[in-house]
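Reading the structure
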Amino acid sequence: MRTPLIIANWKMNKNVHESVEFVKMICNRLPANVTVGIAAQALALYSMKQAAGNSRLQVIAQNGAAAISGPYTGEISMQSLAEIGVSYVILGHLERRRLFHESNAEIARKVLTALHLGITPIVCTDEEQISLEVDGKLHHAFRQLAPILQNLSADQVQKLVISYEPQWAVGASQDAKPALAEVGCQRIRQSVADNFGATVADQVRILYGGSVNQQTICQIVGSPNVDGTLIGRASLDVNNFLRMLNCLQTKKKQKLTAI
Ligand code: PGA
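Everything quoted here is computed from the prediction, not taken from an experiment.

Another point: the site of the ligand. For the ligand, the set of nearby residues contains 13 residues, the closest of which are Lys11, His93, Glu165, Gly171 and Arg233. At a separation of 2.7 Å, an oxygen atom of the ligand approaches a polar side-chain atom of Lys11. At 2.9 Å, a backbone N or O of Gly232 approaches an oxygen atom of the ligand. Burial of the ligand by the protein amounts to 99% of the accessible area it has alone, namely 280 Å². By residue class, the composition of the shell around the ligand is four nonpolar, six polar and three charged.

Right, let's get into helix H8 (residues 178–196). Taking 1.5 Å of rise per residue, 19 residues should cover 27 Å, and H8 covers 27 Å from first to last C-alpha, within 8% of that figure. Taken together, the buried positions of H8 are occupied by Pro178, Ala181, Glu182, Gly184, Cys185, Ile188, Arg189, Ser191 and Val192. Looking one or two places after H8, you find Gly197, whose phi comes out positive at around 100°.

On to helix H2 (residues 42–52), then. Quick reminder: α-helices carry 3.6 residues per turn. Residues three or four places apart thus point the same way. Taken as a whole, H2 has its buried residues at Ala44, Leu45, Met48 and Ala52. Seen from one end, H2 has its buried residues packed into an arc of 115°, which puts them on one side. For H2, exposure combined with an orientation more than 90 degrees from the buried face picks out Leu43 and Gln50. The secondary structure elements touched by the buried residues of H2 are helix H1 (16–26), strand E2 (35–40), strand E3 (58–61) and helix H3 (78–83). At the exit of H2 stands Gly53, carrying a positive phi of roughly 50°.

Moving on, we come to the environment of Asp175. Looking at where Asp175 falls in the secondary structure, it is placed in the loop between strand E8 (161–164) and H8. Along the sequence, Asp175 and Gln215 sit 40 residues apart, while their C-alpha atoms lie 8.2 Å from each other. Discounting chain neighbours no more than four positions away, the residues touching Asp175 are Ser211, Asn213, Gln215 and Thr216. Polar contacts involving the side chain of Asp175 include one to the side chain of Asn213, which spans 2.9 Å.

Looking at the secondary structure, you find Asn240 in helix H11 (residues 238–258). Sequence separation between Asn240 and Asp202 is 38 residues; the distance between their C-alpha atoms is 31 Å. With sequence-adjacent residues up to four places away left out, Asn240 is seen in contact with Gln214 and Ala234. In terms of polar contacts, Asn240 uses its side chain to reach the backbone carbonyl oxygen of Ala234, at 3.2 Å.

This paragraph deals with the nonpolar core. The biggest cluster of nonpolar side chains holds 65 residues, and the ones touching the most others in it are Ile26, Ile38, Leu57, Val111, Val192, Tyr208 and Phe241. Among the elements that make up this core, the one with the highest residue count is H11 (six residues). Here Phe241 is in contact with Ile6, Ala8, Phe22, Ile26, Val36, Ile231, Ala234 and Ser235, once residues within four sequence places are set aside. Counting 11 residues, the second-largest nonpolar core is a separate cluster that includes Ile90, Ile122, Cys124 and Val161.

Here is what the cut-offs are and how they apply
Residues numbered from 1 in each chain as written. Predicted model: local features only at pLDDT ≥ 70, side-chain atom pairs only at ≥ 80, totals over all residues. Heavy atoms only, no water. Near = heavy atom within 4 Å. Polar contact = N/O pair within 3.5 Å; in protein donor to acceptor, adjacent residues only side chain to side chain. Areas by Shrake-Rupley, 256 points an atom, 1.4 Å probe, with all protein chains shown as cover. Nonpolar A, V, L, I, M, F, W, Y, C, P; charged D, E, K, R; others polar. Helix = DSSP H or I, 4+ residues; strand = E, 2+ residues; numbered from the N terminus. Expected span 1.5 Å × (residues − 1). Buried < 20%, exposed > 50% of the residue type's maximum accessible area, 1.4 Å probe, protein only. Arc of directions from axis to C-beta. Contact = heavy atoms within 4.5 Å. Core = buried A, V, L, I, M, F, W, Y, C linked by side-chain atoms within 4.5 Å.

Read these as geometric descriptors, not functional statements.
The following block contains the structure:
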């Protein structure tokens with residue numbers, strides 16, 4: 001059973017004080033059976049962890065360096081992230097690739113560092129996919145994901161979270177399209193199954209990110225192959241974020257009642 005994972009990705013928004021206040025407002029109001037995390041700028045993470053205390057809220061980093069330590073001025077040490085109790089890190093987000101020219105090779109090294117330190121990498125990939133037919137069966141390969149996964153064992157792949165983030169959907173003016181989210185995540189799962197086997201594909205959590213809001217979250221997270229979502233703009237307002245979490249909770253209850 002894959003537990004849904006809902007992540008607020010604040011990007012470079014909110015100062016330390018605002019981040020802590022937000023954590024205090026939500027950390028004791030989290031829905032059951034869903035993992036909720038907030039990816040905030042590195043400066044706020046320590047204070048947010050303190051504010052979250054023993055609650056189930058996950059405090060998440062938006063980036064981390066491939067090197068463990070050394071002469072890398074301005075980088076974020078994943079060892080330090082692990083020390084303060086950060087257990088997830090987003091790697092290879094579209095904005096890191098586009099604005100900071102992160103390559104697949106660099107992201108692959110970061111993924112290995114995170115796994116080595118016991119931090120779960122949330123590996124972002126966009127829609128660059130190629131379809132090929134082998135022995136009459138259609139395979140989908142993801143140009144960004146394949147070079148990252150090829151360095152990993154099946155055990156390591158099973159520990160990843162993969163986030164499907166089509167570049168035309170991130171920061172877009174139109175709402176996310178639940179059907180396209182499901183197709184993208186299903187194809188990624190199929191490609192993991194082709195390369196690492198059905199058990200690994202069944203375990204790995206695959207999220208969708210890009211213009212998710214209160215109107216679309218339930219349908220997206222309710223799709224069979226989508227195990228959660230990364231929410232940018234719509235997660236910045238605490239009441240809006242809580243409403244989205246509540247709507248997942250209500251949906252869950254309705255499903256249970258129907259059974
Ligand atoms: P958005 O961002 O929800 O504002 O489109 C999503 C993301 O960057 O993952």
